[in-house]
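Coordinate inspection notes
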Amino acid sequence: MIRMRVLKRDERKGIVTVKVDGQEDLYWLSLIIKPGDLITARTTRRYKPEGQQRADSGERVPVTLTIEVEKVEVGPRGTSLRVLGVVRRAPEWLGIQGKHHSLDVSPGSQLTIQKESWSDTLLEFLDRAERSTLSPKVLAVALDDRNAVVAVISDFRVTPEVSLRASRTADPRSKRIQSALNREFQRELAELLERLAERYSPEAIVLTGPGFFKEEFARFIEERSPELANLIR
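In short, a report on the structure. Every value quoted in this text rests on a predicted model; they were computed, and no experiment measured them.

Once that is clear, we can look at the overall build of the chain. When helices and strands are tallied, the chain shows five helices and eleven strands. For the chain, buried positions account for 40% of its 233 residues. When contacts within the chain are restricted to residue pairs at least 6 apart in sequence, those whose partners lie at least 24 apart make up 59%. Accessible area for the chain stands at about 13,700 Å²; split by element, carbon and sulfur atoms hold 47% of it.

This is the structure we're talking about:
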């Protein structure tokens, strides 16, 4: 299981150092990091030797900075976190104290968060982040006799995983052919759910949709895989 790792925790000094292992950690950090916090992390900054005036001159160099947070933004796909603020500690040769800088946090990043005090709520978020994993809590299946969409639901996200479309017979009078096609559609969907359940180990699989097809599919699962049927809601 993958979860955010707390490498150092000193509540008396208000300091916590964490290692980001997955995307879910970024959402927890967006709740934990607040304006006024001091964040220390490894980053890059453009360095212009004396005499170079062009804005794009110089090269980006790796450096450890501490910024005072002004704003926190989660990327549009939840794959990164931007922490924007004012530089409070940096190597003197950079000459950037008091200037603005943004830290890009992603899986693999390590950062230290320093607060004047940690509230009980923020400490609870930190504890939950340590216990949380990337495995979703629920697989959600929206289906009828023509289509099915499967999504994974975790603490912070609903992510569409895959969609299936059922085959239809050209002869609307042939109930036998259509029944066989429906059975094949159910088999494909069941195989997909078995693979996803093995990958994510969800706590439940929720079936939803109009009509009676979801009940028919639930009975199909009971016949095919009693273990999977135990997760069906």
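That covers the picture; the talk isn't over yet.
Once that is clear, we can look at the packing of aromatic side chains. Per the stated rule, a full pass over the model turns up three aromatic pairs. Ring geometry for Phe-185 versus Phe-213: centroids 5.9 Å apart, planes at 25°, classification stacked. Placement of Phe-185 in helix H3 (residues 175–200) and of Phe-213 in helix H4 (residues 213–224) is noted, with a sequence separation of 28 residues between them. Both residues of the pair, Phe-185 and Phe-213, count as buried. Summarising the aromatic geometry, the rings of Phe-217 and Phe-220 are spaced 6.5 Å apart at their centres and angled 15° between planes, so their arrangement reads as stacked. Pair noted here: Phe-217 and Phe-220 are both in helix H4, with a separation of three residues, about one helical turn. Accessibility classification places Phe-217 together with Phe-220 in one group, the buried group. The lysine or arginine in question, Lys-115, covers the ring of Trp-118, its NZ or CZ lying 5.2 Å from the ring centre.

Here we take up H4. Here H4 spans 16 Å end to end across twelve residues, near enough to the 16 Å set by a 1.5 Å rise per residue. Those residues of H4 lying buried are Phe-213, Lys-214, Phe-217, Ala-218, Phe-220 and Ile-221. The arc that holds every buried residue of H4, seen down its axis, measures 160°, which confines them to one face. Turned more than 90 degrees away from the buried face of H4, the exposed residues are Glu-222 and Glu-223.

Our focus in this paragraph is the nonpolar core. Formed by 32 residues in total, the largest nonpolar core has its most connected members in Leu-29, Ile-39, Val-83 and Leu-111. Aside from chain neighbours lying at most four places away, what touches Leu-111 is Val-16, Thr-17, Val-18, Val-20, Leu-29, Ile-33, Ile-39, Thr-40, Ala-41 and Val-105.

Definitions and cut-offs
- Residues numbered from 1 in each chain as written.
- Predicted model: local features only at pLDDT ≥ 70, side-chain atom pairs only at ≥ 80, totals over all residues.
- Heavy atoms only, no water.
- Helix = DSSP H or I, 4+ residues; strand = E, 2+ residues; numbered from the N terminus.
- Buried < 20%, exposed > 50% of the residue type's maximum accessible area, 1.4 Å probe, protein only.
- Contact = heavy atoms within 4.5 Å.
- Areas by Shrake-Rupley, 256 points an atom, 1.4 Å probe, with all protein chains shown as cover.
- Phe/Tyr/Trp six-rings, centres within 6.5 Å; stacked < 30°, edge-to-face > 60°.
- Lys NZ or Arg CZ within 6 Å of the ring centre and 35° of its normal.
- Expected span 1.5 Å × (residues − 1).
- Arc of directions from axis to C-beta.
- Core = buried A, V, L, I, M, F, W, Y, C linked by side-chain atoms within 4.5 Å.

Read these as spatial facts, not as claims about activity.
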